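Topology and contacts: notes
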Amino acid sequence: MGARIFRRRPRIMMLFSGFIGIFVVLSIFPYLLVDLGYLVRPIWDKRQDPFNKVLVHHYAEGMSMQERCEAHGWTLAPQDSTPPQVYDAVIFSVELDMLEIRIQELWDVVDKFVIVESNATFTGLPKDAVFWDNRDRFSFAESKIVYKLLPLYPLGPEESAWINEGRMRDGMTDFLTEAGVQAGDLVTSLDADELVSQHTIELLKSCHGVPESIHVQLKNYLYSFEFPVNDGGNYQASVHKWWPGYSRYVHHLQADVLLTDAGWHCSFCFRTIEEFQFKMQAYSHSDRVRYNYLMDLEWIQHAICEGKDLFGMLPEAYSFQELFSRIGAIPKSIFAVGLPKWVLANRQRFKFLLPGGCERQGPL
């Protein structure tokens, strides 16, 4: 009996030591389990394939609208028909440059730009009414802008940033009616850093047979158009034929049809370091700021110029091949063809968005 007890003690001590070791490691690296979850994501998660129909976007300069409609299985609307009004709706925070590019890109095809902002961020931090304070910058678009300041309230102890985001989206749904949207009008549902191309909206408003709700694939970029992300693009953005009492302004799957290559999603594409710091703490994924150094000016500038992840996290990938191909810095692009025309026409002002212009403004 004594021998058996003696043999068990080393095993118990090994198990105890193992638990102590795990506790110490997790105390030093509290987010190790999160990183491990990303590393083994291809085992426990699969990429959704929610679209029953994927429409390859056919567009080239010189194509007639009839050719473009027919290339997608649609027909050109009769000349005597009244085209739908187009409302470009956006929840705004601080993205002044992206909003200017957006309005200029869509000016000829959008009837109203519906802008809602708040006195607080999704995470409950107080903020200025940035658009309202800078409205002189958008005086050129005053005739088409409809604006509302929607107050947010402090989050409760058990509430997440997603609660405030939901409040803003519900507020936009209600405000679209105030802005004049009618049954059958087209409404875009894109975040402030998502840009649908002018020719995409022109196509959707000019053809008959377009689905009442359609998602638009946007090519992903990080920090600027110098860093295209090789991940298949963003497909949450959508365009809808609006039906009062039924339609809602949301940013998730609403249809099973996807139109490819329809624009750009430029994430964290800011002019100044301070804007990066603000966004990192303000948006719904602010829990990714896991270490103090991530807010340092020097780290942020380094990450921007090298194409590294601001939060030091592994990519969201659904196969090991994709995961290993995307670990590390994003390769730089040397191409500027096919970017928003306002950026290229004002390339000195928007140098920070183009290849070779990674240095940001800020007290470094």
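Everything below is about the structure shown above.
Quick look at the structure, then. Every chain is numbered independently, its residues counted from 1 as its sequence is written. Whole-chain, interface and lining totals are the exception, using all residues; otherwise, since this is a predicted model, local features are given only for residues with pLDDT of at least 70 and side-chain atom pairs are given and counted only at 80 or more. For side-chain calculations, the full set of non-hydrogen atoms in the structure is used, while hydrogens and water are omitted.

Some words on the overall build of the protein
Of the regular secondary structure elements, the protein holds twelve helices and eleven strands. Each residue is assigned to one of three classes by its accessible area relative to the maximum for its type, calculated with a 1.4 Å probe on protein chains only: buried under 20%, partly exposed between the two thresholds, exposed over 50%. For the protein, buried positions account for 48% of its 364 residues. Whether two residues are in contact is decided by their heavy atoms: any pair within 4.5 Å suffices. Considering only intrachain contacts with a sequence separation of at least 6, the fraction spanning at least 24 residues in the protein is 74%. Every accessible area reported is derived by Shrake-Rupley at a probe size of 1.4 Å, with residue values counting cover from the shown protein chains alone. Accessible surface, the protein as shown: approximately 19300 Å² in total, 56% of it carbon and sulfur. Helix and strand definitions follow DSSP, with helices as H or I runs of at least four residues and strands as E runs of at least two, each counted in order from the N terminus.

Some points on the environment of Lys-112
Considering the arrangement of structural elements, one finds Lys-112 in strand β4 (residues 112–117). Accessibility expressed as a relative area gives 27% for Lys-112, which makes it partly exposed. Residues Lys-112 and Ala-179 lie 67 residues apart in sequence; the distance between their C-alpha atoms is 8.3 Å. Counting of polar contacts relies on pairs of N or O atoms within 3.5 Å, with two restrictions inside protein: one atom must be capable of donating a hydrogen and the other of accepting it, and residues adjacent in sequence are counted only when both atoms are side-chain atoms. Within polar-contact distance, the side chain of Lys-112 engages the backbone oxygen of Ser-143 at 3.4 Å.

Examining the pattern of salt bridges
Any Lys or Arg side-chain nitrogen located within 4 Å of an Asp or Glu carboxyl oxygen qualifies as a salt bridge. Evaluation of the coordinates by the stated rule reveals twelve salt bridges. One salt bridge connects Lys-127 with Glu-117, and the closest N-O pair in it is separated by 3.3 Å. Residue Lys-127 is located in the loop between β4 and α6 (130–133), and its partner Glu-117 is located in strand β4; the two are separated by ten residues in the primary sequence. With a relative accessible area of 0%, Glu-117 lands in the buried category. Through salt bridges with shared partners, a single network forms among Asp-97, Glu-100, Arg-137, Arg-271 and Arg-349.

Quick look at a nonpolar patch on the surface
Every patch collects residues that have over 30% relative accessible area and no salt bridge, joining them within 9 Å if they carry like charges and within 5 Å if they are nonpolar side chains (Val, Leu, Ile, Met, Phe, Trp, Tyr). A cluster of nonpolar residues, Ile-43, Phe-320, Phe-324 and Ile-327, forms a patch on the protein surface that exposes about 410 Å² of accessible area. Here Ile-327 shows up in the loop between α11 (320–326) and α12 (341–345).

Some details on the packing of helix α9 (residues 273–282) against helix α10 (residues 297–306)
Axes here refer to lines fitted to C-alpha atoms; in helices the fit is confined to the stretch in contact. Angles between the N-to-C directions go from 0 to 180 degrees. Across the interface, α9 lies against α10 with an axial gap of 10 Å and an inter-helix angle of 100°. Judged by the angle between their axes, α9 and α10 are roughly perpendicular. Contact residues: α9 offers Ile-273, Phe-276, Gln-277 and Met-280, while α10 offers Leu-297, Ile-300, Gln-301 and Ile-304. Under this grouping Gly is polar, as are all residues other than the nonpolar Ala, Val, Leu, Ile, Met, Phe, Trp, Tyr, Cys and Pro and the charged Asp, Glu, Lys and Arg. For the contact of α9 with α10, the residue count by class is six nonpolar, two polar and no charged. Angles below 35 degrees are treated as roughly parallel, those above 145 as roughly antiparallel, those between 65 and 115 as roughly perpendicular, and all remaining angles as oblique.

Considering helix α5 (residues 96–106)
Counted residue by residue, α5 has eleven buried out of eleven residues, so it is predominantly covered. By the burial criterion, the buried members of α5 are Leu-96, Asp-97, Met-98, Leu-99, Glu-100, Ile-101, Arg-102, Ile-103, Gln-104, Glu-105 and Leu-106.

Brief notes about the side chain of Ser-118
Examined against the element boundaries, Ser-118 turns out to sit in the loop between β4 and α6. Only 3.1 Å separates the side chain of Ser-118 from the side chain of Asn-119, close enough to count as a polar contact. A distance of 3.2 Å separates the side chain of Ser-118 from the backbone nitrogen of Leu-152, its partner in a polar contact. Not counting the four nearest positions on each side in its chain, Ser-118 is found in contact with Phe-92, Lys-127, Asp-128, Leu-149, Leu-150, Pro-151, Leu-152 and Met-168.

A few points about the nonpolar core
For our purposes a nonpolar core is just a set of buried Ala, Val, Leu, Ile, Met, Phe, Trp, Tyr and Cys residues, chained together by side-chain atoms within 4.5 Å. Residues Trp-74 and Leu-310 are the most contacted members of the largest nonpolar core, which totals 60 residues. It is α10 that provides the largest number of residues to this core, a total of six residues. Those residues within four positions of Trp-74 in sequence are excluded, and the remaining contacts are Leu-55, Cys-69, Leu-203, Leu-204, Cys-207, His-208, Gly-209, Val-210, Pro-211 and Ile-214. Membership of the second largest hydrophobic core comes to 18 residues, among which are Val-114, Val-116, Leu-176 and Ala-179.

Some details on the packing of aromatic side chains
Two rings from Phe, Tyr or Trp (for Trp, the six-membered ring) form a pair when their centres sit within 6.5 Å of each other. Planes less than 30 degrees apart are called stacked, planes more than 60 degrees apart edge-to-face, and all others tilted. What the rule picks out here adds up to 17 aromatic pairs. Between the aromatic rings of Phe-51 and Tyr-235, the centroid separation amounts to 5.2 Å while the plane-to-plane angle is 85°, which identifies the pairing as edge-to-face. Of this pair, Phe-51 sits in the loop between α3 (41–44) and β1 (53–55) while Tyr-235 sits in the loop between β9 (213–222) and β10 (238–241), and the two are 184 residues apart along the sequence. What links up through ring pairs into an aromatic cluster is the set Phe-92, Trp-107, Phe-113, Phe-131, Trp-132, Phe-138, Phe-140 and Tyr-147. By the criterion adopted, a ring carries a charge over it if an Arg CZ or a Lys NZ lies within 6 Å of its centre and within 35 degrees of its normal. Just above the ring of Trp-132 sits the side chain of Arg-135; from NZ or CZ to the centre is 4.0 Å.

Re the state of the cysteines
By convention in this document, the label disulfide applies to cysteine sulfur atom pairs within 2.5 Å. On inspection of all chains with the given rule, the structure shows three disulfides. The disulfide partner of Cys-69 is Cys-207, and the S-S distance across this bridge is 1.9 Å. One disulfide, between Cys-69 and Cys-207, carries an S-S torsion of -85° and so falls in the left-handed class. With Cys-69 in helix α4 (residues 65–71) and Cys-207 in strand β8 (residues 207–208), this pair connects stretches of sequence that are 138 residues apart. Side by side, Cys-69 and Cys-207 carry an identical accessibility label, which is buried. Between the sulfur of Cys-266 and that of Cys-269 lies a disulfide, 1.9 Å long from S to S. Taking the torsion about the S-S bond as the criterion, the Cys-266 to Cys-269 disulfide, at about -80°, is left-handed. By the burial criterion, Cys-266 is buried, and Cys-269 matches it. Within the protein, bonded cysteines paired by disulfides and numbered along the sequence follow the pattern 1-2, 3-4, 5-6.

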